[in-house]
Amino acid sequence: MFTVTILAAPKRADLTPALVEDLRGQWQGGHVIWLNPGIAAEFPLETQPADFWAVWEILQAQGFYLAIQPTLGRRKAVLLADMDSTMIQQECIDELADVAGVGARVAAITAQAMNGDLNFHEALIARVALLAGLPETAVDEVLDTRITLMPGGRQLVATMRAQGAYTALVSGGFTVFTGPISQMIGFDEHRSNTLLSEGPQLSGLVAEPPLAKQA
């Protein structure tokens, strides 16, 4: 037994009952379940259709996502989600850097890392160093005025937890953000790096995880 899921891409097109019913009829599927009217629906199939990928390409061009997977074991027990540009719509270090007036310099280091000129650890250390002297209150400022949750994130986590899954928010960023953001969204736990401070200001240093210290 398989389950077919159809989703409308954001801001592309609405998922209509007619489209779903046409596909269900074409593949002789079972009863349609609407996960979110106009956005997502699914139905069961006895066997995987031979023309799945041809239909997938057609629906992709129209602004829809199509997936098929074995029904057995489909319900997941763990959700591990990234934070920046995934569960929130921003990159926290970029927002902090902008407040500190070093946004362009941080962006340049990020570009080096993306090009393979720096590894992640080197890029993290270099970017955090540029935040030295920034008041700790800047973190609250960013959280209060610059961070917006990704649409559907709360619903995803709530649904997973309601079905018995364990949920964790992870990030290459910082606990000062993953902590409050994980609470806003409803995660069970969060893991990320720890920014270090000197008095009321950021020191420009980040606590290294044990493996990094041993390397």
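These figures come from a predicted structure and were not determined experimentally.

A. Focus on the sheet that holds strand β3 (residues 40–45). Taken in spatial order, the four strands of this open sheet run β2-β3-β1-β4, and their pairing is antiparallel. Two strands lie at the open edges of the sheet, namely β2 (33–36) and β4 (64–70), each paired on one side alone. If you compare each strand with its neighbour and ignore which way they point, the axes differ by 20° on average. Across seven bridges, the pairing between strand β1 (residues 2–8) and β4 is antiparallel. Following the sheet pairing, T5 is matched in β4 by A67. Against the sheet, helix α1 (residues 17–27) engages β1, β2, β3 and β4, with an angle of about 15° to β3.

B. Representation of helix α7 (residues 153–162). Restricting attention to buried positions, one finds in α7 the residues G153, V157 and M160. Axial view of α7: buried residues confined to an arc of 65°, hence all on one face. Exposed side chains of α7 directed beyond 90 degrees from the buried face belong to Q155 and A162. Those residues of α7 that are buried lie in contact with β5 (78–82), β6 (166–174) and α8 (175–185). Among the residues trailing α7, G164 stands out with phi positive, at a value near 90°.

C. A look at the packing of helix α4 (residues 103–114) against helix α5 (residues 120–129). Where α4 meets α5, the axes come as close as 10 Å, and the angle between the chain directions of the two elements is 175°. Judged by the angle between their axes, α4 and α5 are roughly antiparallel. Contact residues: α4 offers V106, I109, T110 and A113, while α5 offers A123, A126 and R127. Here the contact of α4 with α5 is built from residues that sort into five nonpolar, one polar and one charged.

D. Quick peek at unusual backbone geometry. One non-glycine residue, Q28, adopts positive backbone phi at about 55°. In this fold, Q28 is placed in the loop between α1 and β2.

E. Representation of the nonpolar core within the structure. Counting residues in each nonpolar core, the largest one holds 35 residues, and the members touching the most others are L96, F174, F177, I181 and F187. Residues contacting F187, with those up to four places away along its chain left out, are L79, A81, M87, V157, R161, T167, A168, L169 and S182.

F. A look at the pattern of salt bridges. Evaluation of the coordinates by the stated rule reveals six salt bridges. Between E42 and R74 there is a salt bridge, with the nearest N and O atoms lying 3.1 Å from each other. Of this pair, E42 sits in strand β3 while R74 sits in the loop between β4 and β5, and the two are 32 residues apart along the sequence. On the basis of relative accessibility, which here comes to 10%, the residue E42 falls in the buried class. A salt bridge links E95 to R146; the nearest nitrogen and oxygen atoms lie 2.8 Å apart. A residue pair is termed long-range when its members are at least 10 positions apart, and E95 in helix α3 (residues 92–100) and R146 in the loop between α6 (137–145) and α7 qualify at 51 residues. The structure contains a network of salt bridges with shared partners spanning E95, D98 and R146.

G. Spatial organisation of the side chain of R127. Within the fold, R127 resides in helix α5. The charged side chain of R127 is buried without a salt bridge, its nearest counter-charge being D94 at 5.4 Å. In terms of polar contacts, R127 uses its side chain to reach the side chain of T110, at 3.0 Å.

H. The arrangement of the confidence of the model for the protein in detail. Averaged over every residue, the pLDDT of the protein is 92; residues scoring 70 or more account for 96%. Note that residues 210–215 has pLDDT below 50 and, in this model, two contacts with residues that lie over four places away or in other chains.

I. Highlighting the packing of α3 against α6. The geometry of α3 relative to α6 is characterised by a closest axis approach of 10 Å and an angle of 120° between their N-to-C directions. Taken together, α3 and α6 sit at an angle that is classed as oblique. Handedness of the α3/α6 crossing: right-handed. Of the residues in α6, those touching α3 at E95, L96 and V99 are A138, V139, E141 and V142. Tallied by class, the residues present in the contact of α3 with α6 amount to five nonpolar, no polar and two charged.

Thresholds applied
- Residues numbered from 1 in each chain as written.
- Predicted model: local features only at pLDDT ≥ 70, side-chain atom pairs only at ≥ 80, totals over all residues.
- Heavy atoms only, no water.
- Pairing = 2+ DSSP bridges.
- Helix = DSSP H or I, 4+ residues; strand = E, 2+ residues; numbered from the N terminus.
- Axes fitted to C-alpha atoms, helices over the stretch in contact; angles between N-to-C directions.
- Contact = heavy atoms within 4.5 Å.
- Buried < 20%, exposed > 50% of the residue type's maximum accessible area, 1.4 Å probe, protein only.
- Arc of directions from axis to C-beta.
- Parallel < 35°, antiparallel > 145°, perpendicular 65-115°, else oblique.
- Nonpolar A, V, L, I, M, F, W, Y, C, P; charged D, E, K, R; others polar.
- Core = buried A, V, L, I, M, F, W, Y, C linked by side-chain atoms within 4.5 Å.
- Salt bridge = Lys/Arg side-chain N within 4 Å of Asp/Glu carboxyl O.
- Lys, Arg positive; Asp, Glu negative; His and termini not counted.
- Polar contact = N/O pair within 3.5 Å; in protein donor to acceptor, adjacent residues only side chain to side chain.
- pLDDT = per-residue confidence, 0-100.
- Left-handed = near helix turned anticlockwise from the far one by under 90°.

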